[in-house]
Amino acid sequence: MKKTIAAIADSVENSAFDPSRSIATVQALLLEPFVMVSSVFGEDGSKETLDVTEVLDGVFAEFNPAVFSVGYLTEESAITYISDKLDSCKKIPVIARPSLISDDGDILVTEEVYNQFSERLMNHVKILIINNFEAELLSGFECRDEDDYVLAAKKVHTVYNCHVVVTSKSLGDKAIICIGESGFFREIEPAAKDFDTNKYELSSAVACGLAYGLSILESIDFGLRFCNGVSKASELTGVEEVEAEEEPEPEKAPDKAADSISFVAPGKALRDIARNLDPDFATEKANTPVAVTSVIDENLGKPKGEVSDLKANHGDSVTELQSLKERLEKLKEACLCTCCSL
C-alpha cells in the first residue's frame with residue numbers, strides 16, 4: 001500500500017502557489033498525495049475561504065499520512081485547527097514552508113496568522129523551509145552577510161527545535177542547511193537543461209524523501225536536486241522511468257493564442273495579496289511603489305547570536321503591523337546596498 005503525503009496550503013491563481021505542484025511531485029515519486037486547499041485567491045484579488053476541518057479530521061483518522069506538509073496559509077483559524085489536530089494525534093513529521101514574507105520582502109500574512117504559526121504550529125514542525133527575510137524574522141536579528149544567515153538558521157533551530165533550510169534568490173546558487181546545531185552552506189546544482197523549475201514543490205519532494213526512509217539531510221539534498229531536474233524519481237523509487245515518445249506539435253493558431261495567456265510572477269501576485277491583507281494598501285494608487293511590510297520585531301536590534309525565547313516573549317515583542325513596516329523597509333534597503341557592493 002502506498003504511503004500518503006498530506007499537504008495543506010492556499011492556492012494563488014497564476015503564481016508559484018499552485019497545489020497541483022505538490023500533487024505532481026508526490027505522484028512522480030510514486031506516493032499517494034492528499035492535498036487540501038484552505039483558501040483560493042483569484043488573479044483579480046478575489047478570495048474564497050474553504051472549510052477544511054472535516055477533511056483534516058478524515059486525513060488524520062483514516063489516511064495516517066507518513067508526512068504532513070504545511071504551505072502558505074492566510075487564515076488564522078486554519079493554522080489553529082491544524083495545530084489542535086497535531087496536538088491530539090500521534091506524532092507525524094511536519095514540514096513547513098510558510099511563505100510569511102516573499103523573496104522580495106513583502107509581507108504575505110497578517111500578524112494574527114504569524115502569531116499562530118510561530119506560537120502554535122512551530123511546536124510540531126520538524127523541517128522548516130524559509131527564505132532570507134523569514135530567517136531574520138524568526139531568528140530575531142539582522143543579517144548582513146552569508147555567515148549571519150548561518151547564525152540565523154542556527155538560532156531558529158535553537159528557538160523552535162527544528163531543522164532549517166534557507167533558500168533565496170539573494171543567496172544565489174546556495175542553500176543554508178541547519179541539521180541540529182550544525183549549520184552549513186550547500187551548493188545548489190544548476191537546473192537541468194529545458195527543465196521547468198516550477199514543475200515540482202520542494203517541501204513535497206523532501207516529504208517524499210522522508211517517507212522513503214531517507215535521513216533529514218538526504219531528503220533535503222534529494223528535494224533540491226529533484227526540483228531542479230538534476231535527480232530522477234528513480235533514484236528514490238527504484239523504478240526506471242519510461243520516456244514517452246514525442247508527439248508532433250500541433251499547428252499554431254494564426255491569432256497567436258499564447259499572447260492571451262500570462263504567467264504572473266509570484267512577486268507581483270503576492271504583493272497584490274499583501275494589499276488586500278494590509279488596509280494601508282487600499283488607498284494607494286496603482287502606480288505608487290509597493291510598500292514593504294513586516295512583522296519583524298524589535299528583537300532584531302539585539303546583539304547577533306543572542307538566543308532569546310521568542311515564544312515566551314512573543315506577546316511583548318510583536319507589535320502592530322504598522323509600526324513594524326519600517327524595519328523591513330530598512331532591511332530591504334540594507335540588502336540592496338549589500339548586493340550592490342558585491
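Preceding this section is the structure that the text describes.
Residues numbered from 1 in each chain as written. Predicted model: local features only at pLDDT ≥ 70, side-chain atom pairs only at ≥ 80, totals over all residues. Heavy atoms only, no water.

Trainee: Quick question: what am I supposed to make of unusual backbone geometry here?
Mentor: Peptide bonds are trans in most cases, and residues, glycine excluded, mostly fall at negative phi. Its identity as a non-glycine residue notwithstanding, Asn14 has a phi of 55°, on the positive side. Examined against the element boundaries, Asn14 turns out to sit in the loop between strand E1 (4–12) and helix H1 (19–28). Looking at Asn14, the relative accessible area reads 28%, which means it is partly exposed. The backbone phi angle of Asn161 is positive, close to 55°, even though this residue is not glycine. By the secondary structure assignment, Asn161 is in the loop between helix H6 (146–160) and strand E7 (163–167). (Helix = DSSP H or I, 4+ residues; strand = E, 2+ residues; numbered from the N terminus. Buried < 20%, exposed > 50% of the residue type's maximum accessible area, 1.4 Å probe, protein only.)

Trainee: Can you help me understand helix H8 (residues 216–226) in this one?
Mentor: One turn of an α-helix holds 3.6 residues; hence residues three or four places apart share an orientation. Most of H8 is tucked away: 8 of the 11 residues are buried. Looking only at H8, the buried set comprises Ile216, Ser219, Ile220, Asp221, Phe222, Gly223, Leu224 and Phe226.

Trainee: Is there a simple way to explain the sheet that holds strand E2 (residues 32–41) in this structure?
Mentor: Within a beta sheet, neighbouring strands are joined by backbone hydrogen bonds and run either parallel or antiparallel to one another. In space, the 9 strands of this open sheet follow the order E3-E2-E1-E4-E5-E6-E7-E8-E9, with mixed pairing throughout. Both outer strands of the open sheet, strand E3 (47–49) and strand E9 (182–187), are each paired with one neighbouring strand and no more. Ignoring strand direction, the axes of neighbouring strands in this sheet form an average angle of 20°. Seen against the sheet, H1 touches E1 and E2 and runs at an angle of roughly 175° to E2. (Pairing = 2+ DSSP bridges. Axes fitted to C-alpha atoms, helices over the stretch in contact; angles between N-to-C directions. Contact = heavy atoms within 4.5 Å.)

Trainee: How do you make sense of helix H5 (residues 132–139) when you look at a structure like this?
Mentor: With 8 of 8 residues buried, H5 is to be regarded as a mostly interior element. For H5, the set of buried residues is Asn132, Phe133, Glu134, Ala135, Glu136, Leu137, Leu138 and Ser139. Its side-chain oxygen 3.2 Å from the backbone nitrogen of Phe133, Asn131 forms the N-cap of H5. Gly140 occupies a position one or two residues after H5 and carries a positive phi of about 90°. (Polar contact = N/O pair within 3.5 Å; in protein donor to acceptor, adjacent residues only side chain to side chain.)

Trainee: Even after reading the chapter, I still don't get the side chain of Thr237, so can you show me in this structure?
Mentor: Inspection of the secondary structure assignment puts Thr237 in helix H9 (residues 234–237). Among the polar contacts listed, one links the side chain of Thr237 to the backbone nitrogen of Val239, at a separation of 3.2 Å.

Trainee: Help me understand the packing of H5 against H6, please; the structure alone is not making it clear to me.
Mentor: Helix-helix packing is characterised by the crossing angle of the two axes and by the distance between the axes. It is the contact of H5 with H6, at a shortest axis distance of 9 Å, that shows an interaxial angle of 50°. On the basis of their axis angle, the class for H5 and H6 is oblique. With respect to the hand of their crossing, H5 and H6 are arranged in left-handed fashion. Of H6, the residues touching H5 (which contributes Asn132, Ala135, Glu136, Leu138 and Ser139) are Tyr149, Ala152, Lys155, Val156 and Tyr160. Of the residues that constitute the contact of H5 with H6, the class distribution is 6 nonpolar, 2 polar and 2 charged. (Parallel < 35°, antiparallel > 145°, perpendicular 65-115°, else oblique. Left-handed = near helix turned anticlockwise from the far one by under 90°. Nonpolar A, V, L, I, M, F, W, Y, C, P; charged D, E, K, R; others polar.)

Geometric descriptors of this kind do not, in isolation, establish any biological role.
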